[in-house]
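Residue-level structural notes
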Amino acid sequence: MLLIRCPHCGERPEPEFAYGGEAHIARPADPSAVSDDGWAAYLYLRTNAKGLHAERWRHTRGCGRFFNALRDTTTDRFIATYKAGERPPEGPR
Amino acid sequence: MGRLPRAEAAVPGPKAFVDFQHDVMLKDLDLAMREGFRSIEHIKRYTTTGMATDQGKTSNLNALHHAARELGKPVPAVGLTTFRMPYTPVTFASFAGQARGEIFDPVRRTPMHGWAVRQGAVFEDVGMWKRARYFPRAGDDMHAAVARECRAVREGCGVFDASTLGKIVVAGPGATAFMDRLYVNDWSKLAVGRCKYGVLLRDDGFVYDDGVVARLAPDRFHVTTTTGGAARVLAMMEDYRQTEWTDLDVWLTSTTEQWAVIAVQGPRARELLAPLVDGLDISAAALPHMAVVHGTLRGIPMMLFRVSFTGELGFEVNVPSDRGAEALEAIWAAGASQGLTPYGTETMHVLRAEKGFIIIGQDTDGTVTPDDVGLAWAIGKSKPDFVGKRALARPSMRSPDRKQLVGLLTRDPRVVLEEGAQLVDVPGQSPPMKLIGHVTSSYASATLGRSIALAVVAGGRARIGQTLYVPMPGGEIPVEVCAPVFYDPKGARLNV
Amino acid sequence: MSDTQDSRTPGRAASVHGWLQPVPVAARFVLQGGPGALAAAAAALGLADPDAAGRTAGDDAVTILWLGPDERLLLSWREHAPALGARLAAALAAHAHSLVDITQRQVALRLTAPFAADLLNCGCPLDLDPASFPVGGGTRTLFNKTDIVLWRRGTEDFHIEVWRSFSDYLQRWLAESAQDFTRPAG
């Protein structure tokens, strides 16, 4: 069983979690000030990283909290997990 | 190795199959060796012998012996190819394990399921839920049952299990701001005890869900969602709450299964309910359309909504789930002798279509803006932002050529169009035709004595009055475009 | 009232197996709010808020389960929802919070058997070794395709909360899986 470390609950089995896409993409504070292209980029453009990727997860079947993870997309290894709103820790490059 | 004697003569022999799954023949093996392949692994790859899902079970030894003879080697020196799992069959039962029959998927039943069974309901699956689709009486087919149920609601009173609707309590000092940021509507002026039809978009501007929202207290909303949208709407709300709007003190709780919901709909709904609600005043003055009040029904705690998805005077009785069956039995006992008629989801669909009320996922498909389906009126015009507002400002979202919801009336009133059927504006085309929209909902309407349909059509509202065509295998069906409200367009029947 | 067997608490499995019993719960609330609200509610119940992941607190009147950093499940064993709700609302008046009555949203089952943890692991991926999930621990998790809340009352004694309409599914799964533990060997 793949275990994921929830920042609130500790290591828990992967079926309790839901993936939530790339992390650290904030909804613009004033959408009306964003250009059409800028809004399309906010909605659709993602880095699709090969390697280290900061991404959102939710411990849906646990504490219900969204949090962030640094995961290596080539090995599926979780480097670190951290609470929503926190900056990503420095991972090994 | 057994092999029929093959004359080495010039006359071609019969086909000698070696691999019965990949149809590899002796001559294929011979060709491989003539081409210079000597390793059995190379012969395998050149001919594909032994590479089917049986992994050589029917062929490996045949091929091996033939190769040994042709290559002049003893069999062990030729070697075996690598065979890989599953070289013995795996039964589907092994894959399924225990997840089969009743425990393959949860089967969700409402608290009133047993009552519907006793009333002879035919059920349909809606997500994991079992919902009563229609209630046939002796000799009824679905068409007859639905026509009878529709007439009962339009002329008398019908009762419907609406428990599967999603319900979410949005509570906290930030509840109003949360709702204002999330839904297109303006919630600031909604009084306690009043309801509003809410429309939820995604941030790409497309309709995601809808439902009636009641304000139960200044800092508390009772939000209803579609049956299928209950889980995903709550997940979307949690996402915005936790990750975008952390400045708001607001929390979300699913109450879908806390409440059993009994819809009582029809011109006689009030007179049927009034004796049951323990003195509560449910007159038009005390409880107007789109209002909610707390009370009791024969002693059972109740939240009573005056709402309608049928276009008739209507109420939705919400009682705690464990008393849903008891409440419904009380309503049934009082109403059955007066023509109260159970109706199912099929009748609900027909009645709402007659009123032009959309169903998310049927009349919408994730590419539909509020204006496309005639819901622009719901948008709070003075709000600086809400989810989806920015996307609606893009030029493509405001194009008059977008597909818009319209009504369709077939020239022959007996013809019921097929849902999903395509529409063209020029008759007599041969494929590929220029398709301008499709039918999203289509029913035989007993109320109107004819068929009706809803459709999304490019520039549809400007085409009202025009004739379009539905190309079908049996020929083109001419239809007239009309407004998508077929019955009581002014809503006079609601406000009584 | 002749309700349906298939939607009420004591379904098939519970009625035929001594190791799985329906549990009457007088009232249930989901309480959400900041630390002040959570502490105030616990204090009104004469308890200390279980302010740590997977913990519970309680006595013979109320059990509080930690569901998330700002979310608690309150199970009341005697006092019913209107009275308890009013009492909690008064205690919470000064705090931003959400208190929602979910008494009838879910039902409870008590699983008591030497094989209880192994049986739960037929559908629940959580590590139920007492070192990882000790007596007194509680959490939301899943059992195959349904969400549950699991509370360990003893090493071989679990309280399971499940949404009403998923109860039949859960009980059927448990009954089916239990055959591996209750059937005579050979």
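Description of the structure in this document. Everything quoted here is computed from the prediction, not taken from an experiment.

Quick notes on the rules
In this numbering scheme, every chain counts its residues from 1 along its sequence in written order. The lettering of chains begins at A and the numbering of ligands begins at 1, in the order of writing. Under the rules for a predicted model, residues below a pLDDT of 70 receive no local features and side-chain atom pairs below 80 are neither given nor counted, while totals for whole chains, interfaces and linings still include all residues. Water and hydrogen atoms were dropped before computing side-chain values, which therefore reflect all heavy atoms in the structure. What counts as a helix is a DSSP run of H or I of at least four residues, what counts as a strand is a run of E of at least two, and both are numbered from the N terminus. Atoms considered for the radius of gyration are the C-alpha atoms alone. The globule rule reads 2.2 Å times the number of residues to the power 0.38. Summary of the burial criterion: residues with accessible area below 20% of their type's maximum are buried, those above 50% are exposed, and those between are partly exposed, where the area comes from a 1.4 Å probe applied to protein chains only. By definition, residues are in contact when any of their heavy atoms lie within 4.5 Å. Throughout, the Shrake-Rupley method with a 1.4 Å probe supplies accessible areas, and for residues the shown protein chains are the sole cover considered. As used throughout, the charge tally considers Lys and Arg to be positive and Asp and Glu to be negative, leaving His and the chain termini uncounted. We put the charge of a Lys on NZ, of an Arg on CZ, of an Asp on CG and of a Glu on CD. Cysteine sulfur atoms that come within 2.5 Å of each other are treated as a disulfide pair. Each salt bridge in this description consists of a side-chain nitrogen of Lys or Arg and a carboxyl oxygen of Asp or Glu lying within 4 Å of one another. Any pair of nitrogen or oxygen atoms within 3.5 Å is treated as a polar contact; in protein, a donor-acceptor pairing is required on top of that, and neighbouring residues in sequence qualify only through side-chain atoms on both sides. Two parts placed together each lose some accessible area; with a 1.4 Å probe, that loss summed over both constitutes the buried area.

With that settled, the discussion passes to the overall build of chain B. The number of helices and strands found in chain B is 13 helices and 21 strands. Over its C-alpha atoms chain B spans a radius of gyration of 32 Å, topping by over 25% the 23 Å that the globule rule assigns to 496 residues. Its C-alpha atoms give chain B principal-axis dimensions of about 105 × 60 × 55 Å. Taking all 496 residues of chain B together, 53% fall into the buried category. Taking contacts inside chain B between residues at least 6 apart in sequence as the whole, the part at least 24 apart equals 65%. Of the roughly 21,400 Å² that chain B leaves accessible, carbon and sulfur atoms contribute 57%. On chain B, the mean spot of the 56 positive side-chain charges and the mean spot of the 54 negative ones are 2 Å from each other.

One pass over the full model with this rule turns up zero disulfides over all chains. Left unpaired, C482 of chain B is separated from the closest cysteine sulfur, that of C150 of chain B, by 18 Å. Of the cysteine sulfurs around C124 of chain C, a residue in no disulfide, the closest is that of C122 of chain C, at 11 Å. Given a relative accessible area of 2%, C124 of chain C falls into the buried group.

A word on the pattern of salt bridges. Proximity of charged atoms lets side chains of opposite charge pair with each other. Taken as a whole and judged by the stated rule, the model has 45 salt bridges over all chains. In this structure, the salt-bridge partner of R241 of chain B is E238 of chain B, at a minimum N-O distance of 3.1 Å. Taken together, the residues R241 of chain B and E238 of chain B, both in helix α9 (residues 230-244) and three residues apart, mark about one turn of the helix. By relative accessible area, R241 of chain B is classed as buried at 7%. R78 of chain C is the salt-bridge partner of D60 of chain C, the closest N and O atoms lying 4.0 Å from each other.

Moving on, we come to the environment of S59 of chain B. All names here are of chain B. By the secondary structure assignment, S59 is in the loop between α2 (40-47) and α3 (60-71). Distance in space between the C-alpha atoms of S59 and H22 is 9.4 Å, their sequence separation being 37 residues. With near-sequence residues (within four places) excluded, S59 lies in contact with V18, D19, T49 and G50. In this structure the side chain of S59 is engaged in a polar contact, spanning 3.3 Å, whose partner is the side chain of D19.

One frequently used descriptor of interface size is the decrease in accessible area upon assembly of the parts. Across the boundary between the two partners, chain A contributes 13 residues, which contact 14 residues of chain C. Carbon and sulfur atoms supply 55% of the area buried between chain A and chain C, which totals about 1,000 Å² over both sides. For chain A, the biggest contributors to the area lost against chain C are R12, R61 and R65 of chain A; these three give 43% of the whole. Our count for the contact surface shared by chain A and chain C stands at three salt bridges. Between R65 of chain A and D70 of chain C there is a salt bridge whose closest N-O contact spans 3.1 Å. For the pair chain A and chain C, the interface holds six residue pairs in polar contact (both at pLDDT 80 or more).

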